Amino acid sequence: MKRLLLFCTCLLFVTFPGFAGEPPHLERGHNQIEIEGLQSIDISPVFDLPTGNTVDMVCQEDGAIFHVGLKPVLTLPDIIHAAVSEDQEMATLLLDLTEDGGNRRREFTLVNVGKRLAFIVNGVLIKTPIIRVPITGGILAIDPVDKVFAEKLVELINNRIK
């Protein structure tokens, strides 16, 4: 009986996100993400299997676990301007990149069509969009994202650049 009670207690602890003390904005599958300030943005490859060069992260969008590469393709200094394209409650985040950042993104997407990228803000995995086609233009578009979150992120990015 004691083993059953212990098992049930452990199961509750593992499966109930708020029970483990996670802040409400970090609960699995919660797409309303709060950001206080902007410390980092990393856009990293997602791998099918874990390796010594990956870290497992829980995606805010759907609660899925992804094997995210430790070496980002792009970071915050690669972004020179940000904007939002809106469509009702959802939005597209538009990131204008430096020439070097654009070249790295182009090279990476040319050989990784069909794979995912991890979009990480302040160490939190926000989205894992699939690369549908090689991205050769000057803007990196990430969609759909929560409109309020996108607007706040754009404000923080553009204020950092000023």
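Residues numbered from 1 in each chain as written. Predicted model: local features only at pLDDT ≥ 70, side-chain atom pairs only at ≥ 80, totals over all residues. Heavy atoms only, no water.

Peer 1: Could you give an account of the nonpolar core, naming the residues involved and the relevant values?
Peer 2: Counting residues in hydrophobic clusters, the biggest one holds 28 residues, and the most contacted among them are Ile 41, Leu 95, Phe 119, Leu 153 and Ile 157. Elements supplying a minimum of two residues to this core: strand 1 (41-47), strand 5 (79-87), strand 6 (90-97), strand 7 (117-121), strand 8 (124-127), strand 9 (139-146) and helix 3 (147-161). It is helix 3 that contributes the most residues to this core, 6 residues altogether. Ignoring any residue separated from it by four or fewer positions in sequence, one finds Ile 157 in contact with Leu 38, Ile 41, Leu 76, Ile 79, Ala 82 and Leu 95. In this structure, Met 57, Cys 59, Val 68 and Leu 125 belong to the second largest nonpolar core, which totals 8 residues. (Core = buried A, V, L, I, M, F, W, Y, C linked by side-chain atoms within 4.5 Å. Buried < 20%, exposed > 50% of the residue type's maximum accessible area, 1.4 Å probe, protein only. Helix = DSSP H or I, 4+ residues; strand = E, 2+ residues; numbered from the N terminus. Contact = heavy atoms within 4.5 Å.)

Peer 1: Describe the confidence of the model for the protein, and please don't skip the residues or the numbers.
Peer 2: Per-residue pLDDT for the protein has a mean of 81; in total, 77% of the residues score no lower than 70. Long-range and interchain partners of residues 1-31, a stretch whose pLDDT sits below 50, account for 25 contacts in this model, where long-range means more than four residues apart. (pLDDT = per-residue confidence, 0-100.)

Peer 1: Outline the sheet that holds strand 6, supporting the account with residue identities and numerical values.
Peer 2: The antiparallel open sheet is built from 3 strands, whose spatial order is 5-6-9. Each of the sheet's edge strands pairs with one partner strand only, and the pair in question is strand 5 and strand 9. Between one strand axis and the next, the sheet turns by 20 degrees as a mean value, whatever way the strands run. The sheet contact formed by strand 5 and strand 6 spans 8 bridges and is antiparallel. (Pairing = 2+ DSSP bridges. Axes fitted to C-alpha atoms, helices over the stretch in contact; angles between N-to-C directions.)

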